[in-house]
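# Coordinates in review
Single-letter residue listing:
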Amino acid sequence: EAGVVQSPRYKIIEKKQPVAFWCNPISGHNTLYWYLQNLGQGPELLIRYENEEAVDDSQLPKDRFSAERLKGVDSTLKIQPAELGDSAVYLCASSSGLAGSSNEQFFGPGTRLTVL
Amino acid sequence: AQSVAQPEDQVNVAEGNPLTVKCTYSVSGNPYLFWYVQYPNRGLQFLLKYITGDNLVKGSYGFEAEFNKSQTSFHLKKPSALVSDSALYFCAVRAPTGGGNKLTFGTGTQLKVEL
């Protein structure tokens, strides 16, 4: 079974440029998460989708970040414009079951973003 | 608010010796607890979880963890460490109700197993 797929794996951009990350979750997983991981820190949730609905985006900086999961499968996270402080690893994860489920989350390899 | 503390930034152990990576948590109600491992340039890999039942949970690669409600701890253990166990370990907690499926992670503990 394929795991969570993310692309690109690495991205280097100049500040003020836009950038987009793509995630394809494990087949059948209806819950999808985007996390931000800074160096030396644990992942922090940006947004959670249940099917195509964003049910928790309280930590997403909506002035510059946006996300979509139009058909309830793959998802895109966008930053426009990027700032120096956005340099981090962006992780996507998925799980089966909805809110309240004890199922574990499965993580993709992440996209390492460097903003110059 | 829920939180996780991993008091050790790094743990060093000799191969063949037992290892312990510490984790304490704070959450309302009975917790769901998880351990993940992260290798360089890789995503997090699930090791084990505690939901309910037996306080000693066994997981992948010979790891186990013990849930201690009175001490609000969920320490990760392995009887005999391998060099290949060297990685970054994260403890995570979530409340079983409310807050959706939000996981709160600790800051991670770097495990270094030496020959």
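Structural notes, computed from the coordinates. (Residues numbered from 1 in each chain as written. Chains lettered and ligands numbered in written order. Predicted model: local features only at pLDDT ≥ 70, side-chain atom pairs only at ≥ 80, totals over all residues. Heavy atoms only, no water.)

## As for the overall build of chain A
For clarity, the threshold we go by: Under the DSSP-based scheme used, a helix requires at least four consecutive residues in state H or I and a strand at least two consecutive residues in state E, with every element numbered from the N terminus. As a reference, a globule follows 2.2 Å times the number of residues to the power 0.38, and the radius of gyration itself is taken over C-alpha atoms. Accessibility here uses a 1.4 Å probe with only protein chains present; expressed as a share of the type maximum, an area under 20% marks a residue as buried, one over 50% as exposed, and anything in between as partly exposed. Whether two residues touch is decided by their heavy atoms; if any such pair falls within 4.5 Å, the residues are in contact. Where accessible areas are quoted, they stem from the Shrake-Rupley method and a 1.4 Å probe; at the residue level, only the protein chains shown are allowed to cover. When charges are tallied, Lys and Arg are placed among the positive residues and Asp and Glu among the negative ones, while His and the ends of the chain are skipped. Charge positions come from single atoms, namely NZ of Lys, CZ of Arg, CG of Asp or CD of Glu.
Along chain A, the regular secondary structure elements total 0 helices and 11 strands. Its helices and strands taken in sequence order, chain A reads β-β-β-β-β-β-β-β-β-β-β from the N to the C terminus. In terms of overall size, chain A behaves like a compact globule, its C-alpha atoms giving a radius of gyration of 13 Å where 116 residues would be expected to give roughly 13 Å. Viewed in the frame of its principal axes, chain A has a C-alpha envelope of about 40 × 25 × 25 Å. Taken across its 116 residues, chain A has 47% of its residues classed as buried. Considering only contacts in chain A between residues 6 or more positions apart, those separated by 24 or more positions represent 54%. With the model as given, the accessible surface of chain A reaches about 5,700 Å², and the carbon-plus-sulfur share is 49%. For chain A, the distance from the average position of its 11 positive side-chain charges to the average position of its 14 negative side-chain charges is 8 Å.

## Here we look at the packing of aromatic side chains
Counted only if it meets this: Ring pairs shown here join Phe, Tyr and Trp side chains whose ring centres sit within 6.5 Å, with only the six-membered ring taken for Trp; geometry is labelled stacked below 30 degrees between planes, edge-to-face above 60, and tilted in between.
As enumerated under the stated definition, the model contains 15 aromatic pairs over all chains in all. With centroids separated by 5.4 Å and ring planes inclined at 40°, the aromatic side chains of Tyr 35 of chain A and Phe 107 of chain A adopt a geometry described as tilted. Here Tyr 35 of chain A is found in strand S4 (residues 31-37), whereas its partner Phe 107 of chain A is found in strand S10 (residues 106-107), with 72 residues between them in sequence. As far as burial versus exposure is concerned, Tyr 35 of chain A and Phe 107 of chain A are alike and both buried. Arranged with centres 4.2 Å apart and planes meeting at 20°, the rings of Tyr 50 of chain B and Phe 67 of chain B form a pair that is stacked. Remark: Phe 67 of chain B occurs in strand S8 (residues 64-68) and Tyr 50 of chain B occurs in strand S6 (residues 44-50); sequence separation between them is 17 residues.

## Details of the nonpolar core
What counts here: By nonpolar core is meant a set of buried Ala, Val, Leu, Ile, Met, Phe, Trp, Tyr and Cys residues that side-chain atoms within 4.5 Å join together.
Formed by 28 residues in total, the largest nonpolar core has its most connected members in Trp 35, Leu 47, Leu 48, Phe 74, Leu 76 and Tyr 89 of chain B. Elements with a contribution of two residues or more to this core: strand S2 (10-14), strand S3 (19-21), strand S5 (32-38), S6, S8, strand S9 (73-78), strand S10 (87-94) and strand S12 (109-114) of chain B. Ranked by the residues each element gives to this core, the list is headed by S10 of chain B, at 4 residues. With 22 residues, the next largest nonpolar core counts Trp 34, Ile 79, Tyr 90 and Val 115 of chain A among its residues.

## Thoughts on the pairing of S12 of chain B
Residue and element names in this part refer to chain B. Rule in force here: Any two strands with at least two DSSP-identified bridges between them are counted as paired.
The two faces of S12 differ: Thr 109, Leu 111 and Val 113 on one face are buried, but Gln 110, Lys 112 and Glu 114 on the other face are not. The pairing of S2 with S12 spans 5 bridges and is parallel. Pairing of Asn 12 across the sheet is with Lys 112, part of S12. With 3 bridges connecting them, S10 and S12 associate as antiparallel partners. Across the sheet, residue Ala 87 finds its bridge partner in S12, namely Leu 111.

## Let's talk about the sheet that holds strand S1 (residues 5-7) of chain A
All names here are of chain A. Our working definition: Every angle, taken between N-to-C directions, lies between 0 and 180 degrees, and every axis is a line fitted to C-alpha atoms, over only the stretch in contact when it is a helix.
Taking strand neighbours across the sheet as the criterion, the 4 strands line up as S1-S3-S8-S7 in an open arrangement whose pairing is antiparallel. Every interior strand has two partners, whereas the edge strands, S1 and strand S7 (65-68), have only one. Neighbour to neighbour, the strand axes of the sheet diverge by 15° on average, direction disregarded. Taken together, the 5 bridges between strand S3 (residues 19-24) and strand S8 (residues 75-79) define a ladder with antiparallel strand orientation. Its bridge partner lying in S8, Ala 20 is registered against Lys 78.

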